[in-house]
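# Chains, contacts and geometry: an overview
What follows is each chain in one-letter form.
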Amino acid sequence: MSNFYHMPVLPKPDAKKVTINVDGADVEVPEGTNLVEALKTIGIDTPHFCYHQDLPVSGNCRQCMVETDGPRGMGLAIACYTPVRAGMKVATDRSSDKVKQARQAVMEFQLANHPLDCPICDKAGECSLQDNYMAAGRHESRMREDIGKLYKGSPEFRHEDAKGQERGGKHVDLGPTVILDQERCILCDRCVRFMRSVAGEEQLYINQRGDHAFLSTFPGMELKHDYDLNVTDICPVGALTGKHFRFRQRVWNLSKTETIDPFDSLGANITVEHNDGQAWRIMPRRNPEVNKSWISNRTRLEYQKLSKDRLTAGSFQKAEVPLAQAVARAGELVRGARKVAVVASGTLTLEDNAALQALVAGLDKKAELFSGSWAKVGSPDGIAQSGDPVGNRLGLKLLGISENLDELVARAKEFDVLLVAGHDLWALDAQKAKALEAIPERIVLSPWHDATTAKATLSVGVRAWAEVRGTMVNCQGRIQMLNAAPILPSPDLEPVWQVVSSIGKLGWTSELDAYKAAQAGIPALAGINYRGIGSQGRLLEGVVA
Amino acid sequence: MARIVPRTEMTLVEKAYIPEIARGLKVTMGHFLKGFFKPESIPVKHYPEVEPFVPRDYRSRHRLMKRPDGEPRCVACFMCATACPANCMTIEATSSDDDRIEKKPSKFEIDQLVCVFCGLCVEACPVDAIRMDTKKMAFAADKRETFKVGLEDLMDWDPKDYPESDIQSQKAPGGTLNAQARKEWGLQ
Amino acid sequence: MIEFDLPFILQCAKFLLAFVPLCFIPILIWGERRGASLIQDRLGPNRANIPLLGGLRLFGLVQNAPDGIKLFTKESFIPKHAHKFWYIVAPMIPLCIAFLTPSVIPWFAPMAVEGAKGIANVSGQILDADAGVLVLFALSGLSVYGVVLGAWASNSKYALMGGMRASAMMISYEVSMGLSVAGIFLIVGSFSLTNIVEWQAAHVWGIVAQPLGFVMFLTSLFAETGRAPFDVAEGDSEIVAGYFLEYSAIRFGLYYMGEYAHIAIASALVSTVFLGGYHMPWLGTEVIRANLGLVGGGLLAAIALLCIWIAYASNRWSNIYAKMNATDAAQRKLEYRVMTGLFSGLAVLLLVAGSALALFVHPQQVSVGGTEIWPLWVNLGTAAIQLGIVVAKTLFICWVFIWVRWTLPRFRYDQVMGLGWKILLNIALVNLLVTAVVAKLVKG
């Protein structure tokens, strides 16, 4: 296969439409798009393996064949690389037996030497071979039992199992995060294209040719990249699987909650997949404007932190107290203090920060609001991260909260109560944070036991990012929704805005009250409610990124 | 359309009741004497000393089938747990050390109090790892937790209790075809 | 002056006979449960055993012991609003009556014994009164009190309803009960049961002389004792247990035992009045006395035959059970072997004893003060044999009680009262009239 492929032309909302004839009916489709995408806009799904919307088109699987008209009449052509032409005639499987047979034949070829691994394969339930077999295949097996399946691939990993069956490489360790099963690979080339075009480092390649082709890394090298787990998403079968999720859960048991990654200001769209009160994995959500279909490994493995070191109760003078008691004590301290320093956080939602703002406003001269982050800001990698670990920086700016954390460090002695929410100050820069230890009462609202709660005089457990419903504004000026997954380690935990509301006696009962307060402070949010934000976020007008 | 049920009037003899009493007494005495002199004609089964007749396909307590080396045949594919209409199976999978197997269960628990004994798990299993043919129907315990049977309890069966014609059972450790199975598996 | 001579001692010893119906109770309970089960094509209780020699089950007789223990050890409570005194006293009444009523039943023929003042006549009844049967009827009537007081003292609607129904039924059937035996009294001319038996010995059995009277008397007795098909008092499906609803443990046990004792006495009464009592067709009192050895030997031989049959049946069942592949096969085999051996040995023993009796026992009359009387041992032996005869006949009628209970369905309450007042009473009166006419015509 050559190394240069074109990206597919995806339909844009304001594209010009042309008329084509599909199955005898005239339809309007966007001009110049690949036929797969054009048929999708009119509701016809074409089965495919190697085609991916965000990867260059390779066209090697031949599953997506439809009949189109050519100089010699109607003939089979792959839909993924055929651009739409005005007046073309297309016959899908709805009207053409040839297409049906072609798709069935391709399925038969794909399944001929594919191992019978469904019971032990992690991809079961989201496997393209399974889905396409049900949609387009359903052929009767013509395998000869005396010969069975063959594997002519990698000679290093080829072996025979106990029943004399030829097997390929099982659980081949490709690198620190990904495991390869060579037999299952259908040589669709998606992972190779991803690493080459999207990740930028070509670490996988397909050796040999024809029947002997197999996937592997370069000799002596491994698959190691900040985005390498994306190959497990795009692999249509269970050839490439992630070590973190291996054998842990079956995908049909998982429920999905759509949210975004708060630890990067691009706000990659993700789905937290959970079952039985526990998060099992994070999968990317497709958002062509934000992160396409990709998320970094760091984002993907965030779910592991949700169940470790969680602060589920309050802690006061080194003793554990029930949450309600801790919140009440925090309220007393804050309202009765001489001067309170409240530190807002860019990893918290707009609602949480609006609550902190309202708390400070309610306390008038006695409280001051600070914000900022000592985290290092990197540069965008062009895939799914902007490099800025503060997810809601633009949101804080829109709320009018200035970044003046260093001023707090300088003036620490003026305050007698410090309220920190969602901010691991002592872990980011212990030297600067040491100055804050001059403040006698340090209240910390944090989901985890971390360095900051260790230095706190009163810490209150709160919900983590995946358990709250709220909004964040990403670095593009897009407001995106976070949704709550039912994975609370303890049922008493409350979101930050609710704890702050109890401390400041704001009387808020739902995040909508907090959002209304945020709306009041941000004119760009006028008229946008949660439903208006939707699952793809919404670009705010008049916001400079 | 109403159905007319014919109601016959009682004859004079029946109305008098005494002859009917005599007839009834004859019937009961007949039963009594038959039971008294031929007690084997009484259709009473001396349970639990005498084993009751259990049909071949009766769905009783589950058992997990074993490979010739004693490991469970189960590959933790979750088909049974997904098919179960009562949601009574809790399975956790882990990697197997045996290269040929890949996946095995680290925890396999069935809550017998929740199980409705429908047999769907047996039908769903792709490798004949679970069966419901132990013919054990009466289990009693004094704590609810005892009814959650785990991997060891489900594999706790003796091949001698199963018919010789059941090839798959007899291949298990201790079975009569064990030697043959071990040769097939290369465990000599 | 009370003379402590032989007649006096015998009179005192006769008081023990009042316990006969009490001894019937476990037999009746066992017979009811096993008999009912066999009628219903099932085995009755057969698991309670004496844990010796494989677990001796004794065909279910042992079940009475755990039943009794259960009744004694259960919680005996008094409901909150019950009338405490009558609640406690009421169950005692039927059982006390059960001790009093056997006093007028002749258990054996009157015997002549030598006393301090010459020959004295010791009758078979404890209470040798002219108004024999009337005493029994009167005492039976008193047992209604037990029912009514128990029902009312329970302070429960179901109990009260059951009690009212039971008492109304018992009282109404006492009338037809009395009238149906009035025929026999007319023929015999006396109320004393010994006279009735003597008349039957001389003429024909009561059932031959008064067949209609027998049927009516039996029916009335079914109602009197509250047995099916007249068990409206304890109709389980209608009023949940009726008058002994609120009673538990031994209080219920007292009612239960009282009911069975009542059945035993009723059966004894029927066998005395209609089935000849202690008299057997060719074995009159004098015949037995003269041939005590032969009769005794024959009786023992008959019992030996019964034992042989029991041994054979045990062995046969043992073989059948062995083929069933049971888990307790070894224990059962041992037990049945013990039973077979026991009863065979018993049979041999009895045969030997019987032959010894027949061969070596030849009673002779002795002369005392001029009159020829039999020696005491002859009298006692005859009394024992005659007691056995009465018990056998009573057992037969008890079996009829059980048999009828498990054959006939319960009557409705209005049917019960209608039967008692409208049918039985009239037929009894007609029967009495016809008997009187016939008796006058025959006797003159």
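### Considerations on the overall build of chain B
A tally of regular secondary structure across chain B gives seven helices and five strands. Along chain B, helices and strands appear, N-terminal first, in the series α-α-β-α-β-β-α-β-β-α-α-α. For chain B, the C-alpha radius of gyration of 27 Å lies well beyond 16 Å, the compact-globule estimate for 188 residues. Counting only C-alpha atoms, chain B reaches 90 × 50 × 40 Å along its principal axes. Within chain B, buried positions represent 37% of all 188 residues.

### Concerning the sheet that holds strand β9 (residues 178-180) of chain A
Residue and element names in this part refer to chain A. The antiparallel open sheet is built from three strands, whose spatial order is β8-β9-β12. The two strands at the open ends of the sheet, each matched to only one other strand, are β8 (172-173) and β12 (240-242). The sheet contact formed by β9 and β12 spans three bridges and is antiparallel. Residue isoleucine 179 lies in a different strand from β12, and its bridge partner there is threonine 241.

### Side note on the interface of chain B and chain A
Contact residues are listed per partner, giving 16 residues for chain B and 13 residues for chain A. Between chain B and chain A the total buried area reaches about 1,300 Å² when both faces are included, carbon and sulfur atoms providing 60% of it. On the chain B side of the interface with chain A, the three residues burying the most area are Phe78, Glu102 and Lys103 of chain B, jointly 46% of the side's total. One can count one salt bridge joining chain B with chain A. As a salt-bridge pair, arginine 246 of chain A and glutamate 102 of chain B come within 3.1 Å of each other at their nearest N and O atoms. On inspection of chain B and its partner chain A, the count reaches four residue pairs in polar contact (both at pLDDT 80 or more). Of all the secondary structure elements, the ones that give two or more residues to the side of chain B that touches chain A are α3 (79-83) and β2 (89-95) of chain B. In terms of residue count, β2 of chain B provides more of the side of chain B that touches chain A than any other element does, three residues in total. Considered class by class, the residues forming the side of chain B that touches chain A number eight nonpolar, three polar and five charged.

### Here's the deal with the domain arrangement of chain A
Residues and elements named next belong to chain A. Domain assignment breaks chain A into domain 1 (17-112), domain 2 (145-247) and domain 3 (310-539). Look at where the C-alpha atoms of domain 2 and domain 3 centre, and you get two points 44 Å apart. With four residues of domain 2 at the contact, the number on the domain 3 side is four residues. Summing the contributions of domain 2 and of domain 3, the shared interface buries around 320 Å²; its carbon and sulfur component is 60%. When the area that domain 2 buries against domain 3 is broken down by residue, the three leading residues are Val198, Asp226 and Tyr227, summing to 94%. Seen at the junction of domain 2 and domain 3, the total is four residue pairs in polar contact (both at pLDDT 80 or more). A breakdown of the residues in the side of domain 2 that touches domain 3 according to their chemical character gives three nonpolar, no polar and one charged.

### Thoughts on the domain arrangement of chain B
One frequent convention defines the size of an interface as the accessible area lost when the parts assemble. With domains assigned, chain B is organised as domain 1 (12-44) and domain 2 (63-185). For domain 1 of chain B versus domain 2 of chain B, the separation of C-alpha centres amounts to 53 Å.

### Things to note about the arrangement of the chains
Here the protein chains form two pairs of chains in contact, of which the pair with the most contacts is chains B and C. Taking C-alpha atoms as the reference, chain A and chain C come no closer than 43 Å and do not contact one another.

### Re the interface of chain C and chain B
With 25 residues of chain C in contact, the opposing surface of chain B contributes 22 residues. Each partner contributes to the roughly 2,300 Å² buried at the junction of chain C and chain B, and carbon and sulfur atoms together form 69% of this total. Among the residues of chain C in contact with chain B, Leu38, Asp41 and Trp403 of chain C are the three that bury the most area, contributing 24% of the side total. Counting the contacts that link chain C with chain B gives two salt bridges. Here arginine 47 of chain C makes a salt bridge to glutamate 49 of chain B, at a shortest N to O gap of 3.1 Å. Among the elements of the structure, α2 (20-39), α14 (292-322) and α16 (376-405) of chain C are those that each provide at least two residues to the side of chain C that touches chain B. Per element, the largest residue contribution to the side of chain C that touches chain B is five residues, and it comes from α14 of chain C. Residue classes in the side of chain C that touches chain B are distributed as 16 nonpolar, four polar and five charged.

### Some thoughts on the packing of aromatic side chains
Inspection of every chain in the model, using the stated rule, returns 25 aromatic pairs over all chains. Ring centres of phenylalanine 370 of chain A and phenylalanine 415 of chain A lie 5.7 Å apart, and the angle between their planes is 90°; on these two criteria the pair is classed as edge-to-face. On the criterion of sequence distance, the pair formed by phenylalanine 370 of chain A in strand β19 (residues 367-370) and phenylalanine 415 of chain A in the loop between α10 (405-410) and β20 (417-421) is long-range, its members being 45 residues apart. Note on accessibility: phenylalanine 370 of chain A and phenylalanine 415 of chain A belong to one class, buried. Ring centres of phenylalanine 32 of chain B and tryptophan 399 of chain C lie 4.5 Å apart, and the angle between their planes is 40°; this geometry places the pair in the tilted category.

### Some points on the nonpolar core
Membership of the largest hydrophobic core comes to 82 residues, with the highest contact counts inside it found for Trp107, Phe137, Phe217, Phe230 and Val416 of chain C. With 11 residues, helix α12 (residues 249-273) of chain C is the largest single contributor of residues to this core. Contacts of phenylalanine 217 of chain C, omitting those with residues within four sequence positions, involve Phe137, Met177, Ser180, Val181, Leu269, Val270 and Phe274 of chain C. By size, the runner-up hydrophobic cluster in this structure holds 54 residues, among which are Val321, Leu348, Leu396 and Val543 of chain A.

### As for the pattern of salt bridges
All names here are of chain A. Under the defined criterion, the tally for this structure stands at 59 salt bridges over all chains. A salt bridge links arginine 286 to aspartate 54; its shortest N-O distance comes to 2.9 Å. With arginine 286 in the loop between β15 (278-284) and α6 (297-300) and aspartate 54 in the loop between α1 (35-41) and β3 (65-70), the pair connects residues that are 232 residues apart, well separated along the chain. In this structure, arginine 411 and glutamate 368 form a salt bridge, with 2.5 Å as the shortest nitrogen-oxygen distance. On the criterion of sequence distance, the pair formed by arginine 411 in the loop between α10 and β20 and glutamate 368 in strand β19 is long-range, its members being 43 residues apart.

### Regarding the pairing of strand β10 (residues 204-207) of chain A
Two strands pair when backbone bridges link them, and β10 of chain A and strand β11 (residues 214-217) of chain A are joined in this way by four bridges, in the antiparallel orientation. By the bridge assignment for β11 of chain A, leucine 204 of chain A is matched with threonine 217 of chain A.

### Considering the sheet that holds β15 of chain A
All names here are of chain A. Taken together, the three strands give an open sheet; going across it, the order is β13-β14-β15, and neighbouring strands pair in antiparallel fashion. Strand pairing shows two members of the sheet lacking a second neighbour, β13 (255-260) and β15, which therefore form its edges. Averaged over all neighbouring strand pairs, the angle between strand axes comes to 30°, with direction disregarded. In this sheet, strand β14 (residues 269-275) lies alongside β13 in antiparallel orientation, the contact comprising six bridges. Paired with threonine 259 across the strands is isoleucine 270, a residue of β14.

### Overview of unusual backbone geometry
Cis geometry is found at the peptide bond from tyrosine 47 of chain B to proline 48 of chain B, where omega equals 0°. Structurally, proline 48 of chain B is set in the loop between α2 (18-37) and β1 (63-64). Here the phi dihedral of arginine 62 of chain A falls at roughly 65°; this positive angle occurs in a residue that is not glycine. With respect to the helices, strands and loops of the structure, arginine 62 of chain A is situated in the loop between α1 and β3. Positive phi is not limited to glycine here, since aspartate 364 of chain A has a value of about 55°.

### Digging into helix α3 (residues 128-136) of chain A
All names here are of chain A. Taken as a whole, α3 has its buried residues at Ser128, Leu129, Asn132 and Ala136. For α3, the angular spread of buried residues about the axis comes to 90°, placing them on one side. Next to the buried residues of α3 lie α2 (97-112). Looking one or two residues beyond α3, the residue adopting positive phi is arginine 138, at roughly 55°.

Cut-off values and rules
Residues numbered from 1 in each chain as written. Chains lettered and ligands numbered in written order. Predicted model: local features only at pLDDT ≥ 70, side-chain atom pairs only at ≥ 80, totals over all residues. Heavy atoms only, no water. Helix = DSSP H or I, 4+ residues; strand = E, 2+ residues; numbered from the N terminus. Rg over C-alpha atoms; globule rule 2.2 N^0.38 Å. Buried < 20%, exposed > 50% of the residue type's maximum accessible area, 1.4 Å probe, protein only. Pairing = 2+ DSSP bridges. Contact = heavy atoms within 4.5 Å. Buried area = accessible area lost by both parts, 1.4 Å probe. Salt bridge = Lys/Arg side-chain N within 4 Å of Asp/Glu carboxyl O. Polar contact = N/O pair within 3.5 Å; in protein donor to acceptor, adjacent residues only side chain to side chain. Nonpolar A, V, L, I, M, F, W, Y, C, P; charged D, E, K, R; others polar. Domains from an automatic or database assignment. Phe/Tyr/Trp six-rings, centres within 6.5 Å; stacked < 30°, edge-to-face > 60°. Core = buried A, V, L, I, M, F, W, Y, C linked by side-chain atoms within 4.5 Å. Axes fitted to C-alpha atoms, helices over the stretch in contact; angles between N-to-C directions. Arc of directions from axis to C-beta.

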